[in-house]
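# Structural description and commentary
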Amino acid sequence: MNREVTLPLIVDDRGTLQVTAADVSKLLRTVGGRWVRLVEAGESGLDEDTVAELAIELAKLADRIDVACIAHSSGGAT
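The following refers to the structure shown. (Residues numbered from 1 in each chain as written. Predicted model: local features only at pLDDT ≥ 70, side-chain atom pairs only at ≥ 80, totals over all residues. Heavy atoms only, no water.)

### Looking at the overall build of the protein
If you tally the helices and strands in the protein, you get two helices and zero strands. By the burial criterion, 15% of the 78 residues in the protein qualify as buried. Contacts spanning at least 24 positions in sequence make up 46% of the contacts within the protein whose residues lie at least 6 apart. (Helix = DSSP H or I, 4+ residues; strand = E, 2+ residues; numbered from the N terminus. Buried < 20%, exposed > 50% of the residue type's maximum accessible area, 1.4 Å probe, protein only. Contact = heavy atoms within 4.5 Å.)

### Quick word on the nonpolar core
Soluble globular proteins tend to pack their nonpolar side chains together in the buried interior. Residues V24, L28, L58, L61, A62 and I65 constitute the largest nonpolar core, which totals six residues. Every element with two or more residues in this core is listed here: α1 (21–40) and α2 (48–73). In terms of residue count, the dominant contributor to this core is α2 (four residues). Those residues within four positions of L28 in sequence are excluded, and the remaining contacts are L58, L61, A62 and I65. (Core = buried A, V, L, I, M, F, W, Y, C linked by side-chain atoms within 4.5 Å.)

### As for the pattern of salt bridges
Under the defined criterion, the tally for this structure stands at three salt bridges. When the shortest N-O distance is used, the salt bridge between D66 and R29 registers 3.1 Å. Of this pair, D66 sits in helix α2 while R29 sits in helix α1, and the two are 37 residues apart along the sequence. Given a relative accessible area of 35%, R29 falls into the partly exposed group. A salt bridge links E57 to K60; the nearest nitrogen and oxygen atoms lie 3.3 Å apart. (Salt bridge = Lys/Arg side-chain N within 4 Å of Asp/Glu carboxyl O.)

### As for α1
For α1, spanning 20 residues, the distance from its first C-alpha to its last is 29 Å, which sits close to the expected 28 Å at 1.5 Å a residue. Residues V24, S25, L28, G32 and V39 constitute the buried set of α1. What you see down the axis of α1 is that its buried residues fit within an arc of 100°, all on one side. Away from its buried face, by an angle of more than 90 degrees, α1 presents the exposed residues A22, K26, L27 and E40. Residues of α1 that are buried sit in contact with α2. Backbone geometry just after α1 places G42 at a positive phi near 85°. (Expected span 1.5 Å × (residues − 1). Arc of directions from axis to C-beta.)

### So, a negative patch on the surface
Negative charge collects at one region of the surface, where E40, D47, E48, D49 and E53 lie side by side. Ranked by residues supplied to the negative patch, first place goes to α2 with three residues. Mapped onto the fold, D49 is located in helix α2. The class of D49 is exposed, set by a relative accessible area of 59%. (Patch = residues over 30% accessible without salt bridge, like charges linked within 9 Å, V, L, I, M, F, W, Y side chains within 5 Å. Areas by Shrake-Rupley, 256 points an atom, 1.4 Å probe, with all protein chains shown as cover. Lys, Arg positive; Asp, Glu negative; His and termini not counted. Charge placed at Lys NZ, Arg CZ, Asp CG, Glu CD.)

Pasting the structure below:
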């Protein structure tokens with residue numbers, strides 16, 4: 001299954017990018033990691049399997065962003 005994700009990026013009125021792809025992928029990994037640490041610390045109300053799946057999906061999305069940026073900067077296509 002080929003799923004394409006389009007992320008709206010924040011630009012100012014001159015078109016200058018305000019949020020980099022590296023920041024977005026770092027944020028996705030940080031959120032997933034934080035959820036996992038909460039589960040490991042015994043935070044009540046969090047389902048371990050669900051948190052693990054969500055963290056994995058966030059990491060996959062971050063990887064896809066990184067790969068797309070590498071391909072773009074090297075002149076390749078994804």
